[in-house]
Each structure stands twice: as C-alpha cells, then as structure tokens.
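A structural walkthrough
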Amino acid sequence: MATDRQLCGLVTGLARQIETHVRERASSLGLTAPQAIALRELTGPLTLRELSGRMGCEPSNATFVSDRLEDQGLVERRPHPQDRRAKQLVLTPKGTELRDRLLALFAEDSPLAPLTPEEQDNLHALLLRAVSS
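Starting from 1, residues in each chain are numbered consecutively following that chain's sequence as written. Whole-chain, interface and lining totals are the exception, using all residues; otherwise, since this is a predicted model, local features are given only for residues with pLDDT of at least 70 and side-chain atom pairs are given and counted only at 80 or more. Excluded from the side-chain calculation are hydrogens and water; included are all heavy atoms of the structure.

Strands are runs of DSSP state E lasting at least 2 residues, helices are runs of H or I lasting at least 4, and numbering of each runs from the N terminus. Its place among the elements puts Ser52 in helix 3 (residues 48-55). Partly exposed residues are those whose accessible area sits between 20% and 50% of the maximum for their type, while under 20% is buried and over 50% is exposed, using a 1.4 Å probe and protein chains only. Overall, the relative accessible area of 4% leaves Ser52 in the buried class. Excluding residues within four positions of it along the chain, Ser52 makes contact with Cys57, Glu58, Pro59 and Ala62. Contacts were defined at the residue level, with two residues in contact if any of their heavy atoms lie within 4.5 Å.

This is the structure:
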C-alpha cells in the first residue's frame, strides 16, 4: 500500500507538471498562467466570485486577471440578469477564439495524456473523493 508521503509526492509532482504545461501553453499565446486559467474556466457568464472559486484564488486576484483580459478585449463585464448589484464576465468573440486555441494547446502533450479516458475518469473520481473528505 502506498504511504501518504508517496501519494502526496505523486500529487505534487503531477500538479507541477500541469502548472508547467499551463504556463508554457499560456506563454505561447502571450498570456500569463492565471489569465489562461481564467479563460479555461469561463465556460459561460460568471461573476468574479464564481470565477475566483473556479480559479482557486481570492476575488481580488480574479479581478486583477479579469482587468487584464478586459484590457486585451478578451472579456467584457455585463450586468447580471438577476442581481443588479453584480456584473458577469463574458467572453468576447476574440476571447472565445483565443480560448478555443488555448484549450487545443492544453490538450497537446497533456501530463494526463498517458492515461486512458477511463483512467482519467477514475482519477477524477478518486481525487474528488479525497478532497471532499
């Protein structure tokens, strides 16, 4: 049976590989890793709080990243349809095109590529169970 130390080492190693992969792919498109992660997570309109939760960062960090993406014409802020106090981030057509290119780059030589789809599903389920404990 694997020890906690061994498992933690493997998870940390995989996280580093994924971080390097994201950073390299982002850089090739002129983005920072946080900007690339924000684009990856913008699957539809999101508030900054929702985006920060998906990115795993503080709302102030998501605001900073979103400001840079907005400056580049990749996202825009729109009024929230149900909450007049809130704004939602929405991809622009330019942002959608760049997100599509980014996702294709993320898929190339992914650290998870050696795993079959079934193995990736199993890993997902196991990690979800571990973090939900």
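Axis angles are defined between N-to-C directions and span 0 to 180 degrees, where every axis is a line fitted to C-alpha atoms and, for a helix, only to the segment in contact. Between helix 1 (residues 4-28) and helix 2 (residues 33-41), the shortest axis-to-axis distance is 8 Å and the interhelical angle comes to 90 degrees. The orientation of helix 1 with respect to helix 2, classified from their angle, is roughly perpendicular. Facing helix 1, whose interface residues are Val22, Arg23 and Ala26, helix 2 presents Ala33, Ala36 and Ile37. Gly counts as polar in this scheme, as do all residues outside two lists: the nonpolar Ala, Val, Leu, Ile, Met, Phe, Trp, Tyr, Cys and Pro, and the charged Asp, Glu, Lys and Arg. In the contact of helix 1 with helix 2, the residues fall into five nonpolar, no polar and one charged. Working rule for angles: under 35 degrees goes down as roughly parallel, over 145 as roughly antiparallel, 65 to 115 as roughly perpendicular, anything else as oblique.

We define the nonpolar core as a collection of buried residues of types Ala, Val, Leu, Ile, Met, Phe, Trp, Tyr and Cys that are connected through side-chain atoms lying within 4.5 Å of one another. Core analysis: the biggest nonpolar cluster contains 22 residues, and Leu31, Leu39, Leu42, Leu51 and Leu69 have the highest contact counts within it. Of all elements in the fold, only helix 1, helix 2, helix 3, helix 4 (59-71), strand 2 (87-91) and helix 5 (93-107) reach the threshold of two or more residues within this core. Ignoring sequence-local partners within four residues, the contact set of Leu39 consists of Leu31, Leu69, Leu74, Leu91, Leu98, Arg99 and Leu102.

Below, the discussion takes up the packing of helix 2 against helix 5. For the pair helix 2 and helix 5, the least separation of the axes is 10 Å and the interaxial angle reads 105 degrees. Judged by the inter-axis angle, helix 2 sits roughly perpendicular to helix 5. Between helix 2 and helix 5, the contacting residues are Ala36, Leu39 and Arg40 on the first element and Leu98, Arg99, Leu102, Leu103 and Phe106 on the second. Residue composition of the contact of helix 2 with helix 5, grouped by class: six nonpolar, no polar and two charged.

So, on to the pattern of salt bridges. Just to be clear on terms, a salt bridge is a Lys or Arg side-chain nitrogen sitting within 4 Å of an Asp or Glu carboxyl oxygen. Under the criterion given, the structure shown has nine salt bridges. Note that Asp67 and Arg77 form a salt bridge whose closest N and O atoms lie 2.8 Å from each other. Of this pair, Asp67 sits in helix 4 while Arg77 is found in strand 1 (residues 75-79), placing the two residues ten residues apart along the sequence. The class of Asp67 is partly exposed, set by a relative accessible area of 25%. A relative accessible area of 26% places Arg77 in the partly exposed class. Note that Arg85 is salt-bridged to Asp83, the shortest N-O span being 3.2 Å. Asp83 gets classed as partly exposed once you look at its relative accessible area, which sits at 24%. Residues joined by salt bridges that share partners form a network here, namely Asp67, Glu70 and Arg77.

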